[in-house]
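Residue-level structure breakdown
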Amino acid sequence: MEEFITLEDELKQDESNASLKSETEDAPEETPNGVKPDAEETIPSNEKHEGKEKSTGNRRGGRYHPYKDKHGGEKKPAHRNRVFISNIPYDMKWQAIKDLMREKVGEVTYVELFKDAEGKSRGCGVVEFKDEEFVKKAIETMNKHDLSGRPLNIKEDP
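Conventions and cut-offs
Residues numbered from 1 in each chain as written. Predicted model: local features only at pLDDT ≥ 70, side-chain atom pairs only at ≥ 80, totals over all residues. Heavy atoms only, no water. Buried < 20%, exposed > 50% of the residue type's maximum accessible area, 1.4 Å probe, protein only. Helix = DSSP H or I, 4+ residues; strand = E, 2+ residues; numbered from the N terminus. Arc of directions from axis to C-beta. Contact = heavy atoms within 4.5 Å. Pairing = 2+ DSSP bridges.

- An unreviewed UniProt entry lists the protein chain under the name RRM domain-containing protein, from Takifugu bimaculatus.

Here it is, written out as structure tokens:
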């Protein structure tokens, strides 16, 4: 025997299901551990994280990246016109290196000599020039330049 469901029977079932749904929606839901959440804690997730951007396409898709630009890509750092200088005499000051490079090469914008934890010179550092042409000139003219009896080693800073 085949069982036939009439249109009226279907409507009655839909009405009873709808009344059950409305009763369950009014009552707070239980979590898997049996604790009923308060009404304040049931804020929709889109309201909780308002104003935060989410990155997409990686394993940690939900992590907030505050310094990413608005288009989803990382900003590329500007090309720095720097050279790395090593074999600098330990008693040399950064001002003397700046003056030497300005005199022999061109306009210098930044000089840093590296020091260890105790503040003693490590005998190396970086010099940043205004233009890229000065980087090439520094490598050509100042590499192996004798400074207080020590030949300077100059390489382009990666």
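**Points about helix α3 (residues 94–104)**
- Considered for burial, the residues of α3 that qualify are I97, K98, L100 and M101. Each buried residue of α3 lies within a common arc of 165 degrees when the element is viewed along its axis, so the set occupies one face.
- Buried residues in α3 make contact with β1 (82–86), β2 (108–115), β3 (121–129), α4 (132–142), β4 (146–147) and β6 (153–156).

**Some points on the pairing of β2**
- Both β2 and β3 contribute to a ladder of 6 bridges, which runs antiparallel. Pairing of L113 across the sheet is with G125, part of β3.
- Linking two consecutive strands that pair antiparallel, namely β2 and β3, is a turn of 5 residues; a positive phi of about 90 degrees is found at G119 within it.

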